[in-house]
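# Results of the structural survey
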Amino acid sequence: MEEAAPVSVDEPWGRVDDDGTVSVREAGGWRVVGQFPDGSPEEALAYFERKYTDLASEVTLLEVRHRRGGASASDLRSTARTINGKLDGAAAVGDLASLVARVAALTQTLAAESETEAVAAREAVDDAVKARTELVEKAEALAARDPRTVQWKQATAELNSLFDQWQSQQQNGPRLPKSTAQQLWKRFRDARATVDKHRRAFYAELDEAHKVVRDRKTRLVEKAEALSSKGEDGIPAYRELLDQWKTAGRAGKKVDDALWARFKAAGDALYGARIERETADAEASREKIEQKRALLEEAKVVADERDLAKARSILTGVQRRWDEIGRIFPRDTERSLDDELRRVENALRSREDADWKRNDPEQKARANDMTRQLTDAIHKLEDELEAAKKSGDKRAISAATEALEARKSWLKALGG
């Protein structure tokens, strides 16, 4: 059917001919959109108006998605192109031109935003390349370290963390240019391979060292267990083995713990024999302890005895019987009792030394000579003081008085 002449904008958006042909009003006139021969004109028009409503809903949804954000401008532009395709010659009745204008306006806005997004995308890729490069450099730094100085448990954890970060950036970050991504991954993969090679070599060497130490400690354990028949007498030899154990090195925690359990059990058996003997000795020493405490009670009179010869005789008798009792156990009890008796001995010795000094003829002679000298000096100073007082010489009086008091105090110290 030929298009009709341009129509007034006041007319409805759609019309239905007698044969059921439906047309939509556009700026250039009426355009046929389809036929609806099996229904009334109202039903025919309503059908194509619903088509328009569906298109309008798509346009509105696109505008809402743009306002709310979250979708990229490029994705929205793609949707806009699809809607534009649907609007071009759409079989619908309504203001299609307004929908086309809305989509065109939105497309223009999205074009500007797409450029901004492109710049941001390039910056994001640059940042991602930088971040990925940092991971590579850290992995390469691990690979370059001297394997003998590496703490492998920590290094393995660091490398695993780097790999986790790599995967996270790869999954969640922007897509890198293929050549750049491949180059960075090759460097990272090579660094991981180098670290893994060094780790395997290190643990292989460590296993060999552990084997040597394990054999050495096994021999020490067997020697320690062989001492069991010696009982307490085997302790010195066990201590020598213990010194060798301390310098034998490490054989791995599990092996070390198992061997140490056997080695310690062998030592416990030896020291257990000593404990049994000391326990028996301590039981046997109970009576001896009481005897020595009784002797200490006897020794108390030594301090009160004024006759030093008699005091010495009493103490000598106590010491003789003390020695006859013999050693006692435990040793700390013996030391405590010996210390108490030694205090009595030292007190008596101090009294004897003082008495000897008082009665030593040579010291007496020296003391008497000093007494005579001080006495003569005192008499002379008394005369000088008397003369000074008569003359009224205050300085001479002061000097004579001071010297006289000093000589008297010295004489008093000598017992004069």
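Our subject is the structure listed above.
Helix and strand counts for the protein come out as 12 helices and 3 strands. Expressed as lengths along the three principal axes of its C-alpha atoms, the size of the protein is roughly 165 × 90 × 45 Å. The 416 residues of the protein split such that 27% are buried. For the protein, restricting intrachain contacts to residue pairs at least 6 apart in sequence, the fraction spanning at least 24 positions comes to 65%. Surface accessibility of the protein: about 27,200 Å² in total, with carbon and sulfur atoms responsible for 51%. In the protein, 74 positive and 78 negative side-chain charges are present, and the distance between their average locations comes to 9 Å.

It is worth spelling out the packing of helix H9 (residues 308–325) against helix H10 (residues 331–359) at this point. Relative placement of two packed helices is described by the angle separating their axes and the distance separating the axes. Between H9 and H10, whose axes approach to 11 Å, the crossing angle comes to 155°. As judged from the angle between their axes, H9 and H10 are roughly antiparallel. Seen from above, H9 lies across H10 with left-handed handedness. Touching Leu308, Ala311, Arg312, Leu315, Val318, Gln319 and Trp322 of H9 are Leu337, Asp338, Leu341, Val344, Glu345, Leu348, Arg349, Arg351, Glu352 and Asp355, all from H10. Of the residues that constitute the contact of H9 with H10, the class distribution is 9 nonpolar, 1 polar and 7 charged.

Another point: the sheet that holds strand E1 (residues 14–16). In space, the 3 strands of this open sheet follow the order E1-E2-E3, with antiparallel pairing throughout. Whereas interior strands pair on both sides, the edge strands pair on one side only; in this sheet they are E1 and strand E3 (29–35). For this sheet, the mean angle separating the axes of adjacent strands, direction not counted, is 30°. In terms of strand pairing, E1 meets strand E2 (residues 21–26) through 3 bridges, oriented antiparallel. Of the residues in E2, the one forming a bridge with valine 16 is valine 22. Most of the contacts of helix H1 (residues 41–68) go to E1, to which it runs at about 145°, and overall it touches E1, E2 and E3.

Turning our attention to the packing of helix H4 (residues 152–172) against helix H5 (residues 178–226). Between H4 and H5, the least distance of the axes is 11 Å, while the angle of their chain directions is 160°. It follows from the interaxial angle that H4 and H5 lie roughly antiparallel. Read as a crossing pair, H4 and H5 show a hand that is left-handed. Between H4 and H5, the residues in contact are Trp152, Lys153, Thr156, Leu159, Leu162, Phe163 and Trp166 and Leu184, Trp185, Phe188, Arg192, Val195, His198, Arg199, Phe202 and Tyr203, respectively. By residue class, the composition of the contact of H4 with H5 is 11 nonpolar, 2 polar and 3 charged.

Right, let's talk about the pairing of E2 for a bit. Of all 6 residues that make up E2, 5 are buried, and the element is covered over most of its length. Hairpin connection from E1 to E2: 4 residues lie between these consecutive antiparallel strands, with glycine 20 at a positive phi of about 90°. Relative to E3, E2 is paired through 6 bridges, and the arrangement is antiparallel. Looking across to E3, one finds that valine 24 is bridged to arginine 31. The hairpin turn running from E2 into E3, its antiparallel successor, is 2 residues long.

A contiguous patch of negative charge, built from Glu382, Asp383, Glu384 and Glu386, is present on the exposed surface. The topology assignment puts glutamate 386 in helix H11 (residues 361–391). The partly exposed category is assigned to glutamate 386, whose relative accessible area is 43%.

For the structure shown, the criterion picks out 26 salt bridges. Its salt-bridge partner being aspartate 256, residue arginine 250 comes within 3.2 Å of it at the nearest N-O pair. Classification of aspartate 256 as buried rests on a relative accessible area of 3%. Across the pair arginine 286 and glutamate 283 runs a salt bridge, and its minimum N-O distance is 3.4 Å. Placement of both arginine 286 and glutamate 283 in helix H7 (residues 253–299) is noted, with a separation of 3 residues, approximately one turn of the helix. Under the relative-accessibility criterion, arginine 286 is labelled exposed at 55%. For glutamate 283, a relative accessible area of 46% corresponds to the partly exposed category. One salt-bridge network, held together by shared partners, links Lys186, Arg189 and Asp190.

What counts, and where the lines are drawn
Residues numbered from 1 in each chain as written. Predicted model: local features only at pLDDT ≥ 70, side-chain atom pairs only at ≥ 80, totals over all residues. Heavy atoms only, no water. Helix = DSSP H or I, 4+ residues; strand = E, 2+ residues; numbered from the N terminus. Buried < 20%, exposed > 50% of the residue type's maximum accessible area, 1.4 Å probe, protein only. Contact = heavy atoms within 4.5 Å. Areas by Shrake-Rupley, 256 points an atom, 1.4 Å probe, with all protein chains shown as cover. Lys, Arg positive; Asp, Glu negative; His and termini not counted. Charge placed at Lys NZ, Arg CZ, Asp CG, Glu CD. Axes fitted to C-alpha atoms, helices over the stretch in contact; angles between N-to-C directions. Parallel < 35°, antiparallel > 145°, perpendicular 65-115°, else oblique. Left-handed = near helix turned anticlockwise from the far one by under 90°. Nonpolar A, V, L, I, M, F, W, Y, C, P; charged D, E, K, R; others polar. Pairing = 2+ DSSP bridges. Patch = residues over 30% accessible without salt bridge, like charges linked within 9 Å, V, L, I, M, F, W, Y side chains within 5 Å. Salt bridge = Lys/Arg side-chain N within 4 Å of Asp/Glu carboxyl O.

Such coordinate-based values are descriptive only and should not be taken to indicate function.
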